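One-letter residues, chain by chain:
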Amino acid sequence: MKYFFKLTLLLVFGSFGAWSQQNPVDSIKTTYKDSIKVIARPYSDKILLRWMPLSPKLWRNSIARGYTITRQTLSGTNVVATTSFTVKFNSDSTKWHLADSTYYQMVYDNHDEVIEMGSDTSASVNLQYNLVAVGADMSYAAARLGGLAFVDSTVTNGVTYRYRIEPTPLNPARKSAKTATSPIVIGMDAIEVTASSISYPTLAAPQLSRKKGVVELKWDFDSQKIYYGSYVIYRSTNGGAFERLNSQLWTKMDNSTQFVYYLDSIPNTTTTYTYRLAGKTYFDEYIPSVTSTITVTKELTQIPAIKNVRVTSQGVEVKWRFPADTVISNLASVVSGYLIHVSSKSDSAFQLIRSVTNPSDTVALIDSVTISNKVAFRLSHYYRIGAIGVGNDTTWSLPYILIPSSIDVPPARPTNFRSARYNPSSTSKLHMVRLDWNENTDADLLGYRVYRTIGNETEKIDVFNGIRRRIFTIDTLGEDTDYPLIKYYVSAVDSNYHESELAIITYQKPDTQPPISPVITKYQVKGTDVDIYWAKSSSHDVQRTEIWRKLNEVSGTWSIIKTLNATDTTRMMTDTSLMVGKTYVYTVAAFDSSGNKSCYDVPKFQSSQNVGDCYQLVIVEIVTDQKPTFTNLTATIDSVSTTPAITLHWSYTASDIEHFELYRSETPKVTNGTNTTTNFTLWRTLNAVENSTQEDEPKYSYTFKYGIRAVFKDGRTSNMKQMTVVMPDKL
């Protein structure tokens, strides 16, 4: 495909979407994919028809066969004459080299590609269908050549005609005709149209607004999309002839709004512009809009600059330059005057203290009383100057700070700096520290800064996140904060951002946080011995780890069977000489340098449990007895039923069974000397009460290997009982 276009596929079926939403005949259904949507434009001497199948499949199947138009001439409700027309895609490429080549190529190339290549992939046909729909919407001439439009020039003014559009050959199951009176008549498969001259409604003028360097045009696209799918924009400058602005048709790209926008770049001069639209209908008609006019003035692009601000015996002298970096011979043609502002801050709250009406002035003297009414005159403050353009727009200089020499000294260091635990009775795991100090008496005090360092850190963290005026703060230390000595710092800052010396205190956060629990990861029973494996605590301040054991009895007491120091890398031990038939419980605990012990709980004799806020606590129950041998597994083969099956049966009696695990592999009949046996892997997990299972539709001539074992609640398993089943050949 050779074309490029400024459209989005969200606009595909722009006209058809508009018709379905605004069609006054609410009985027309738009959800049938085998339907053809039709619109018509009546004139007194002709009727223009335009249609589109509502599915890519129906469109593709109709390309080569074309469409049959059945026209019935009506007199009241009676049909007095019937005429048929056939419309097909025009494959003569010489007919397609016309104006609006983008839209012609969209329709021609995609029709032609489907016909010549016979493409039937869903993605390809959908894309071709979408592009053809867009191209036909944008050009009625292209729609005619594409077999999607027809001009009936054999009509009589005032006579009503019923048109039915159908793929060739005719499909008898089509819907009934509908009637509407409008410049555009809409229907599904069939419509009734009266030949007459009906004008389009007046197209409203675009709304105009001035933006930086452009004029923005805005108009309501959705309210007119039943008539127009695209627009041409025209502009007249200072009452001159209208000229076209957009070389490509302009349409709406953003479906989230009902409006469409166009930005017209304009030179920076004082000019009057008049704009109008021309809406392009789906029948290649261009309907002009009402005009709208805007006068734009030349924008001020140069900025002023303050050269100097100084205090004199008469007040404050402000000197400036305009423009800041060049020379203009006739300032009166650019600016009408200046505004001088003052503020106690550099970025906000500027107030007017002097208006200058002579564009040639470059200096002004403001008395100190006027300034003192706006800011604290003896403190540092800021000035800026604005140049007023002849179009009443204003550009501003950068702020200029004035620092009286009498306050060029930092404030005093805060006194009585102190710290204390805040809300120690709280059950929250967060540790909060309250910091207080006495208020400074400096007249130009802006506020305070508070910092913190932890341990050996040298970089100070800003606790206040800037400068605050209050004389206390609460610092929150997270649960994961370590427990070395913490240093806090506070300084005073004046309005010139001079910072005082730092007041410093230290604070020790107590260690009350137990270490993270170590975890028993697995165990193995070997006769009267048990191998215990564990993962150590991840806390860095663990001093020792202890392995504990007790008998599973009410009177049983814990005993430490192994202790490891912080540097010990052992992760396994063997507990020997256990008594046959007894149950033992094991757990592991870690202790940190402050004596805190990792959490544990009274045994619940589960393989694992979560207790309160503890990390995983593993308690292992060991029963040093033997489980029965799994011996009974049989199979029944049903190879003659419509649905063949293999049914497995077993019996196994033991207590504390959690579930059964069944394993399976399959091997096809060897036909060419190769064997492709699948892996013997877990196939099904069944409840402890079940004693059979069925494999539906096993493959004929395959050999199946099955295995079953019991899994107990303490994690142990029985032996694996296996058997082989051979499916016979299919009869």
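Quick notes on the rules
Residues numbered from 1 in each chain as written. Predicted model: local features only at pLDDT ≥ 70, side-chain atom pairs only at ≥ 80, totals over all residues. Heavy atoms only, no water. Helix = DSSP H or I, 4+ residues; strand = E, 2+ residues; numbered from the N terminus. Buried < 20%, exposed > 50% of the residue type's maximum accessible area, 1.4 Å probe, protein only. Contact = heavy atoms within 4.5 Å. Areas by Shrake-Rupley, 256 points an atom, 1.4 Å probe, with all protein chains shown as cover. Core = buried A, V, L, I, M, F, W, Y, C linked by side-chain atoms within 4.5 Å. pLDDT = per-residue confidence, 0-100. Axes fitted to C-alpha atoms, helices over the stretch in contact; angles between N-to-C directions. Parallel < 35°, antiparallel > 145°, perpendicular 65-115°, else oblique. Nonpolar A, V, L, I, M, F, W, Y, C, P; charged D, E, K, R; others polar. Arc of directions from axis to C-beta. Pairing = 2+ DSSP bridges. Expected span 1.5 Å × (residues − 1). Phe/Tyr/Trp six-rings, centres within 6.5 Å; stacked < 30°, edge-to-face > 60°. Lys NZ or Arg CZ within 6 Å of the ring centre and 35° of its normal. Salt bridge = Lys/Arg side-chain N within 4 Å of Asp/Glu carboxyl O.

Participant: Quick one: what's the story with the overall build of the protein chain, residue by residue and with numbers?
Facilitator: Along the protein chain, the regular secondary structure elements total six helices and 46 strands. Put simply, the protein chain has 731 residues, and 44% of those count as buried. When contacts within the protein chain are restricted to residue pairs at least 6 apart in sequence, those whose partners lie at least 24 apart make up 64%. For the protein chain, the computed accessible surface area is about 37,000 Å², with 48% contributed by carbon and sulfur atoms.

Participant: Give me the lowdown on the nonpolar core, citing residues and values where you can.
Facilitator: Within the largest apolar cluster, 60 residues are counted, with the highest numbers of intra-cluster contacts made by Ile47, Leu49, Trp51 and Ile69. In this view, Ile47 contacts Ala40, Arg41, Pro42, Phe150, Val151, Asp152, Val155, Tyr161, Tyr163, Val193 and Ala195; residues no more than four positions away in its chain are not counted. One finds Leu300, Trp320, Val335 and Tyr383 within the second-largest nonpolar core, a separate group that totals 23 residues.

Participant: Which residues make up the side chain of Ser500, and what values go with them?
Facilitator: Mapping Ser500 onto the fold places it in the loop between strand S31 (485-494) and strand S32 (503-508). By relative accessible area, which is 7% here, Ser500 ends up buried. Non-local contacts of Ser500, meaning those with residues more than four positions away in its chain, are made with Pro411, Ala412, Arg413, Pro414, Ser491 and Ala492.

Participant: How would you sum up the confidence of the model for the protein chain? Please name residues and give values.
Facilitator: For the protein chain, the mean per-residue pLDDT works out to 82, and 83% of the residues sit at or above 70. Low confidence marks residues 1-31, where pLDDT is under 50. Its contacts with residues over four positions away, or in another chain, come to 79 contacts. Considering only residues more than four positions removed or in separate chains, one finds that residues 601-617, a stretch of pLDDT under 50, has 37 contacts.

Participant: Which residues make up the packing of helix H2 (residues 56-65) against helix H4 (residues 122-138), and what values do they have?
Facilitator: Put simply, H2 and H4 touch, their axes get as near as 9 Å, and they point 80 degrees apart. Classified by the interaxial angle, the pair formed by H2 and H4 is roughly perpendicular. Taking contact as the criterion, the partners of Pro56, Trp59 and Arg60 in H2 are, on H4, Val125, Asn126, Gln128, Tyr129 and Val132. Taken together, the residues of the contact of H2 with H4 sort by class into five nonpolar, two polar and one charged.

Participant: Explain H2 to me, using residue names and the numbers behind them.
Facilitator: Taken residue by residue, H2 has Pro56, Leu58, Trp59, Ser62 and Ile63 as its buried positions. Burial along H2 is one-sided: seen end-on, the buried residues are contained in an arc of 155 degrees. Counted as exposed and oriented over 90 degrees from the buried face of H2: Lys57 and Ala64. Of the residues one or two after H2, Gly66 is the one with positive phi, at around 80 degrees.

Participant: Quick rundown of the sheet that holds strand S41 (residues 645-651)? Include the residues and the values.
Facilitator: In spatial order, the strands read S40-S41-S44; together these three strands make up an open sheet with antiparallel pairing. On the outer flanks of this sheet lie strand S40 (632-638) and strand S44 (692-696), each paired with one strand and no other. Each adjacent strand pair in this sheet contributes to an overall mean axis angle of 15 degrees, direction not counted. Bridging between S41 and S44 involves five bridges; their strand directions are antiparallel. Paired with His649 across the bridge in S44 is Ser692.

Participant: With reference to specific residues and values, describe H4.
Facilitator: Relative to the 24 Å expected for 17 residues at 1.5 Å per residue, H4 spans 25 Å between its end C-alpha atoms, a close match to the ideal helical length. All buried positions along H4 are accounted for by Val125, Gln128, Tyr129, Leu131, Val132, Ala133, Val134, Gly135, Ala136, Asp137 and Met138.

Participant: Run through the packing of aromatic side chains, naming residues and quoting values.
Facilitator: Applying the stated rule across the entire model yields 25 aromatic pairs. Taking 6.1 Å as the distance between ring centres and 65 degrees as the angle between the ring planes, the aromatic pair formed by Phe322 and Tyr338 counts as edge-to-face. On the criterion of sequence distance, the pair formed by Phe322 in the loop between strand S19 (315-321) and strand S20 (335-343) and Tyr338 in strand S20 is long-range, its members being 16 residues apart. Residue Phe322 shares its accessibility class with Tyr338, and that shared class is buried. Taken together through their ring pairs, the aromatic side chains of Tyr200, Trp219, Phe221, Tyr227, Tyr228 and Tyr231 make up a single cluster. Of note, Arg41 hangs over the ring of Tyr43, and the distance from its end group to the ring centre comes to 4.8 Å. Positioned above the aromatic ring of Tyr234 is the side chain of Arg276, whose terminal nitrogen or guanidinium carbon lies 5.4 Å from the ring centre.

Participant: Residues and numbers for the pattern of salt bridges, please.
Facilitator: Per the counting criterion, the structure on display carries 23 salt bridges. Between Arg449 and Asp462 there is a salt bridge; the shortest N-O distance is 4.0 Å. Placement of the pair is Arg449 in strand S28 (residues 445-454) and Asp462 in strand S29 (residues 461-462), with a sequence separation of 13 residues. Under the relative-accessibility criterion, Asp462 is labelled partly exposed at 24%. What you see here is one network of salt bridges that share partners, running through Arg664, Glu666, Glu695 and Lys699.

Participant: Pulling in residues and values, what's your account of the sheet that holds strand S26 (residues 418-422)?
Facilitator: Taken in spatial order, the three strands line up as S26-S27-S30 in an open sheet, and their pairing is antiparallel. Either end of the sheet is taken by a strand with one partner, and the two such strands are S26 and strand S30 (472-477). Neighbour-to-neighbour, the strand axes of this sheet turn through a mean angle of 25 degrees, independent of strand direction. Inspection of the sheet shows strand S27 (residues 431-436) paired to S30 by six bridges, in the antiparallel sense. What sits directly across from Val433, in S30, is Asp475.

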